[in-house]
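Listed below are the residues making up each chain.
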Amino acid sequence: MNAVAGAVSLRQSAQQHAVPPPAPPAAPSVRGRPAADRLVGREGELGAMEAFLRQGLAGGATRTVYGTAGAGKSELLEAGVEAAADAGLRVLRCAGARGAAAAPRSGLLQLMWPLLDGPPPVRGAGPLRDLEELLLDGASGADGTPLPFLVLGALESAAADRPLLLTVDDFDALDAASAEVLAFVARRTAGRRLAVLIAARHGSGSGRRALLSGLPELPLGPLSPAQSAELVALRRPGCDPLAERELLATAAGNPLALLELPARTGESVPDLPPSSDRLAAALAPGAALLPAATRDLLLVAALHPDGELPLLMSAAARIGGTAPGFEAVERAEREGLVVCEGTGLRFTHPAAAGAVVHGVGPARCRTAHAALAEVMERDPVRRAWHSAQAAEGTDAGLAARLEAVHGDALERGEPVTAIRMLRRAADLYTAPEDQGRCALLAARLAHDLGSRRMARMLAHRALRHPLGPLGSLCARVLAGQQDATGDERRSWADPANWPVPEGPGEEEHALELARLTAPGITADAERSEALLAFLDRMPRRAGDPRLVHAMATVGGTRRAGVVVARLSAASDTHLVPVRDLERLGEAALLAGAALRALDLYRQAEHRCRSLGLDDRLPHVWLRQGLAHLLMGDWGQAGRSFARCGESAPHRGRDRLASAASMLGRLVRGLRAGTVPVVDAADLAAARHSVRFVDDVVAVATAWARVEGGDFTGGHAGLLALLTDPGRAAVARYALVPFAEAAEAVGAGRGARALLNRLAAETKETEETEADRSAPQAAAVAVDLSSPVAAELAVARAVLSDGQEADDRYGRAFAMDLSRRPFLAASLRLAHGRLLRRRREITDSRVTLRQAAAAFTVADARARVARITAELRAGGARTETAASGGAGPASVRDLLSAQELRIARLAAHGLSNRAIGEELGLAPRTIGAYLYRIFPRLGVTARTQLVAVLREVRDD
């Protein structure tokens, strides 16, 4: 609501209802107050508070603010108090006392004391004097009036002079007498210039909650992930990304937890969930008063949140010596700390785990970790972790166990746990080389998670120990070595200066060094060649995902065939970890093998689902969308980006959501043939999710120009990308639109020369890889087909003319393009245009309609419009387009109602005779219908109808 307009209306309302109106109160406005500025993500609640105050000023109102501990109820009340006081309302306040027995009527006395101690109201002091005698002296009123009516009369008398706002915080902790009286008053504000604002917690004081039943409520739920991130950025700037992600997960939208939870340092041993004095007092005020058995059970539950109740009870029994009974669970449930669900025990809030054990001493914490380790024979990861937390001093054997199982933690989607295990292993080892190895490995994992600060700290720690030449280089790159000169840093990042790896340990460091360095040297041809030469010196690790990814990153078009060959040789990808599947998928995309990339990303999606790694799914969907986009399958691309955009914000991945939104706009621009508008902020956010997103945007923009008919601009943009060695990798997916634009602007000769050069480069790298792989040819059959063979074949056919055209089109049609519908449809479009120029009109129409059907399924509206123009040029009835020349919205536009019914029945597997019996037609007539339907839909068999008709919905 506009603040000025609201103020005018509120003043008019105050003038109408004031009795008498000596000075009309200003309209209460919550926004812009100091308390309101602290309430991030509560815009709707602040608006509701303004409306409530306006209603109370006009003729009485009541609101009950409900929320969990730490939800911001007190801050919202404070914002209302500030606005009411500035608007001229008199504010009376009281609050319940938690953790102590409240004296009878203490809350009521706290609320009414300003009236009792102040000057008497203009309209008589009788009710106030009787109330004072009752509250202070314990005497009954002069006329025997019950206490609730005395309070209401006193408030009404005071409100006649000046409107009142009563605020009651922690209503569920008030004494019983005060709660009953205030609930009585809250139900009788109508007709009085009296506003009552009550705050209470969910799930506590059920008897008090019943007193407020039926009153208007203002619930305070948790903040959304985006709002939580905004609050952290505002109040805790400079938070490490890894610590921020953990903070957001633990706080679960609770504002107090977001502000109070201390960040884990990773140095505290034994490990205990973080909390603070204020947070523990809010979330678990009575935890210290619980019986010892209940406290032991809560301690092991906090240290192992995913444990089942029998296991936790067994561990708790090892702490106190006796097994806790179910009464221990019931006591914790009554306190509102945990919820028992079947055999599971979960805390009512993730931050409550730290609150209930806040202040537990190290000795008792080690005992609890040791007890958990004893009962976890079937979980080697957790057993090793708890054993390490229970240990004191050094233990090389335990450190080796931690290092050995950290990979299992990674595969289970627990990278933070893996980092902590490696850090603890470095503490437990006695040999300096073991300590350095674990610290460096933890630094690499922290770098992959985006925690540059932790990665630098761990890398500096690793450099204090012997690492080997390549290990030291890797640690220096991660540490940044702020004290090093620019020349020293460039030498670390120059593969020409790297020594040959000797031994498995140095090879491992070499692979990580290559992976870290490759993205930063793609624009440097000399260092890129040096890195490729360095990778070639590790034939035993040729199929390692990190090596393949680094080669694809810096190799560009020169090593595309090599990358695809090594991807094809990796047949056991079902055993590859998810993070390596994603690396291989990106390598396939950069090498031009989008289909292979799509297969790898789908495997990654299945693996994430089977392992419960739901947080990785938006990341995988984004890359699936990229593969679909570059293949021209824009319908699937749009759906993948939409899935990512819908799920990413709920997991706190706002940058990923921005990338999905921007890429979705690119897809819509390609469909319609309009140049997409790219927001600079979205592009900057997308760079954190997709390293080569700038190239994707450039290619999609030029491609969209071609789709929209701007062949000059599209040709210039794609030509610049294809001739730039550093950016040609993504541009190769647009060879066909490049050829179409070149033909349209009369630049066919130059385009053919570029395609020939690209084909020659690809062939040269294939032959080189074949020679390199000759010793292993008997063991592994390597497919060395060009990753851009299909694009090259179709693009060459588009640019062909004269006698070579039939040969070019014959080669292209002979290729299997069943999984490349955009290429197949583009080939038919070009061939249909060629046939029309040759005046083979009938064949031209059939071919063009097949192309139209495929483009319609892909929702390539601009392409369908071009085909409509081709058909009109050939004198055909343009049944592929609606009136006005707009492209069809679905397959339904290509077929009549009868044809669509027949196509659906055929897609369900019915024979011509069965379809005829269903529709009352002869089998021969059904055959004639299908003869006309197949070319229009671009299919040659009944089995293909299922995919084409999938998106057609019933009326």
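Residues numbered from 1 in each chain as written. Predicted model: local features only at pLDDT ≥ 70, side-chain atom pairs only at ≥ 80, totals over all residues. Heavy atoms only, no water.

Glancing now at the overall build of the protein. Scanning the protein from N- to C-terminus turns up 49 helices and 7 strands. Classification of the 955 residues of the protein by burial places 52% in the buried group. A separation threshold of at least 6 residues defines the contact pool for the protein, and within that pool the share at least 24 residues apart is 66%. (Helix = DSSP H or I, 4+ residues; strand = E, 2+ residues; numbered from the N terminus. Buried < 20%, exposed > 50% of the residue type's maximum accessible area, 1.4 Å probe, protein only. Contact = heavy atoms within 4.5 Å.)

Moving on to the environment of L721. Note on placement: L721 falls in helix α37 (residues 711-722). The spatial distance from the C-alpha of L721 to the C-alpha of A731 is 6.1 Å, given a sequence separation of 10 residues. For L721, the residues in contact, after removing those within four places along its chain, are A698, V699, R727, A728 and A731.

This part is about unusual backbone geometry. Phi is positive for R105, which is not a glycine, with a value near 65 degrees. Here R105 shows up in the loop between β2 (90-95) and α5 (106-117). For R105, a relative accessible area of 31% gives the class partly exposed. Residue A252 is not a glycine yet carries a positive backbone phi of 50 degrees. Note that A252 resides in the loop between α11 (241-251) and α12 (255-260). Under the relative-accessibility criterion, A252 is labelled partly exposed at 33%.

As a further point, take helix α43 (residues 821-837). Across its 17 residues, α43 extends 24 Å between first and last C-alpha, which sits within 8% of the 24 Å expected from 1.5 Å per residue. Most of α43 sits out of view: 12 of its 17 residues are buried. (Expected span 1.5 Å × (residues − 1).)

Moving on to the nonpolar core. In terms of nonpolar packing, the biggest core is built from 165 residues, with L531, L535, L589, L622, L663 and F855 touching the most fellow members. Once you skip the residues sitting within four places of it in the chain, L622 turns out to touch F641, C644, L656, A659, A660, L663, S689 and V690. If you look at the next biggest cluster of nonpolar residues, it comprises 53 residues, including L258, A316, A332 and L337. (Core = buried A, V, L, I, M, F, W, Y, C linked by side-chain atoms within 4.5 Å.)

Burial of strand β7 (residues 344-347) is one-sided: the residues L345 and F347 facing one way are buried, the residues G344 and R346 facing the other way are not. Inspection of the sheet shows strand β6 (residues 338-341) paired to β7 by 4 bridges, in the antiparallel sense. Within β7, the position partnered with V339 by the bridge is R346. What sits between the antiparallel neighbours β6 and β7 is a turn of 2 residues, in which G342 has the positive phi angle 65 degrees. (Pairing = 2+ DSSP bridges.)

To continue, consider the pattern of salt bridges. As enumerated under the stated definition, the model contains 47 salt bridges in all. For E605, the salt bridge is made with R609, and the minimal N-O distance between the two is 3.2 Å. Taken as a pair, E605 and R609 lie in helix α31 (residues 594-611) at a separation of 4 residues, close to a single helical turn. The residue E804 makes a salt bridge to R808 at a minimum N-O spacing of 3.9 Å. Residue E804 and its partner R808 are located together in helix α42 (residues 804-814), separated by 4 residues, close to a single helical turn. We classify E804 as partly exposed; its relative accessible area is 31%. The structure contains a network of salt bridges with shared partners spanning R444, D448, E507, E508, E512, R515, R540, R541, D544, R546, D580 and R583. (Salt bridge = Lys/Arg side-chain N within 4 Å of Asp/Glu carboxyl O.)

Across a sheet, strands are paired by hydrogen bonds formed along the backbone, either parallel or antiparallel in direction. Reading across from one edge, β2-β3-β4-β1-β5 is the order of the 5 strands in this open sheet, with parallel pairing throughout. Edge positions in the sheet fall to β2 and β5 (217-220), since each of these pairs with one other strand and no more. Taking each pair of neighbouring strands and ignoring which way they run, the sheet shows an average axis angle of 15 degrees. Sheet strands touched by helix α8 (residues 176-186): β1 (61-67), β2, β3 (164-169) and β4 (194-201). Its angle to β4, the strand with the most contacts, is close to 130 degrees. (Axes fitted to C-alpha atoms, helices over the stretch in contact; angles between N-to-C directions.)

Another aspect to go through is empty space enclosed by the protein. Empty space left among the atoms is revealed by rolling a probe the size of a water molecule over them. Under the criterion given, the structure shown has 2 cavities of 30 Å³ or more. Space inside the largest cavity adds up to approximately 80 Å³. Every residue along the wall of the largest cavity is listed here: E740, E743, V798, S800, Y809, L829, A830, R833, L834, R837 and R866. Where the lining of the largest cavity is concerned, the elements lending two or more residues are α39 (735-745) and α43. For the lining of the largest cavity, the leading source of residues is α43, giving 5 residues. The residue inventory of the lining of the largest cavity, partitioned by class, reads 5 nonpolar, 1 polar and 5 charged. Of the pockets and cavities examined, the second largest cavity occupies roughly 30 Å³. Secondary structure elements with two or more residues in the lining of the second largest cavity: α32 (617-631), α39 and α43. Here the lining of the second largest cavity is composed, by residue class, of 8 nonpolar, no polar and 2 charged. (1 Å grid on protein atoms, 1.4 Å probe; cavity = no way out; pocket = protein on both sides within 12 Å on 5 of 7 lines; lining within 4 Å. Points joined across faces, edges and corners; volume = space filled by probe spheres on them. Nonpolar A, V, L, I, M, F, W, Y, C, P; charged D, E, K, R; others polar.)

To continue, consider the packing of aromatic side chains. Taken as a whole, this structure holds 7 aromatic pairs when the rule is applied. Relative to W703, the ring of W634 has its centre 5.7 Å away and its plane inclined at 70 degrees; by these criteria the two rings are edge-to-face. Placement of W634 in helix α33 (residues 634-647) and of W703 in helix α36 (residues 693-707) is noted, with a sequence separation of 69 residues between them. Like W634, the residue W703 is buried in the burial classification. Look at W634 and F822: their rings are 5.3 Å apart centre to centre, the planes differ by 55 degrees, and that puts the pair in the tilted class. One end of the pair, W634, is in helix α33; the other, F822, is in helix α43, and 188 residues separate them in sequence. Here W634 and F822 have matching classes, each one buried. Chaining the aromatic ring pairs together yields one cluster made of W634, W703, F822 and F855. (Phe/Tyr/Trp six-rings, centres within 6.5 Å; stacked < 30°, edge-to-face > 60°.)

Here helix α4 (residues 73-86) spans 20 Å end to end across 14 residues, near enough to the 20 Å set by a 1.5 Å rise per residue. Of all the residues in α4, the buried ones are K73, L76, L77, A79, G80, V81, E82, A83 and A84. Directly beyond the C-terminal end of α4, a positive phi value near 100 degrees is found at G88.

Once that is clear, we can look at the environment of G60. In this fold, G60 is placed in the loop between α3 (43-59) and β1. Its relative accessible area of 10% is what places G60 among the buried residues. When residues no more than four places from it in sequence are discounted, the contact partners of G60 are Q55, T189, R192 and L194.

Attention now moves to the side chain of T62. Mapped onto the elements, T62 comes out in strand β1. Within polar-contact distance, the side chain of T62 engages the backbone oxygen of A186 at 2.7 Å. Among all residues touching T62, those that are not within four sequence positions of it are F52, A186, T189, V196, L215 and P216. (Polar contact = N/O pair within 3.5 Å; in protein donor to acceptor, adjacent residues only side chain to side chain.)

Take A716: it is sitting in helix α37. Looking at A716, the relative accessible area reads 45%, which means it is partly exposed. For A716 and A742, which are 26 residues apart along the polypeptide, the C-alpha to C-alpha distance reads 9.1 Å.

Take the packing of helix α15 (residues 309-320) against helix α18 (residues 362-374) next. Helix packing geometry: the angle between the two helix axes and the distance between the axes. Running from amino to carboxyl end, α15 crosses α18 at an angle of 130 degrees, the nearest separation of the two axes being 8 Å. Regarding the angle of α15 to α18, the classification is oblique. Seen along the crossing, α15 lies across α18 with a hand that is right-handed. Judged by residue contacts, L311, L312, A315, R318 and I319 of α15 engage T367, A368, A371, L372 and E374 from α18. Here the contact of α15 with α18 is built from residues that sort into 7 nonpolar, 1 polar and 2 charged. (Parallel < 35°, antiparallel > 145°, perpendicular 65-115°, else oblique. Left-handed = near helix turned anticlockwise from the far one by under 90°.)

Now for the packing of α5 against helix α7 (residues 147-161). Between α5 and α7, the least distance of the axes is 11 Å, while the angle of their chain directions is 35 degrees. Of the two elements, α5 crosses α7, and the hand of that crossing is left-handed. Residues L108, M112 and L115 of α5 form the contact with α7, whose participating residues are L147, V151, A154, L155 and A158. Of the residues contributing to the contact of α5 with α7, the split by class is 8 nonpolar, no polar and no charged.

Looking at the protein as a whole, its pLDDT mean stands at 82, while 85% of the residues score no less than 70. In this model, residues 1-22 is a region of pLDDT below 50 whose contacts with residues beyond four sequence positions or in other chains number 22 contacts. (pLDDT = per-residue confidence, 0-100.)

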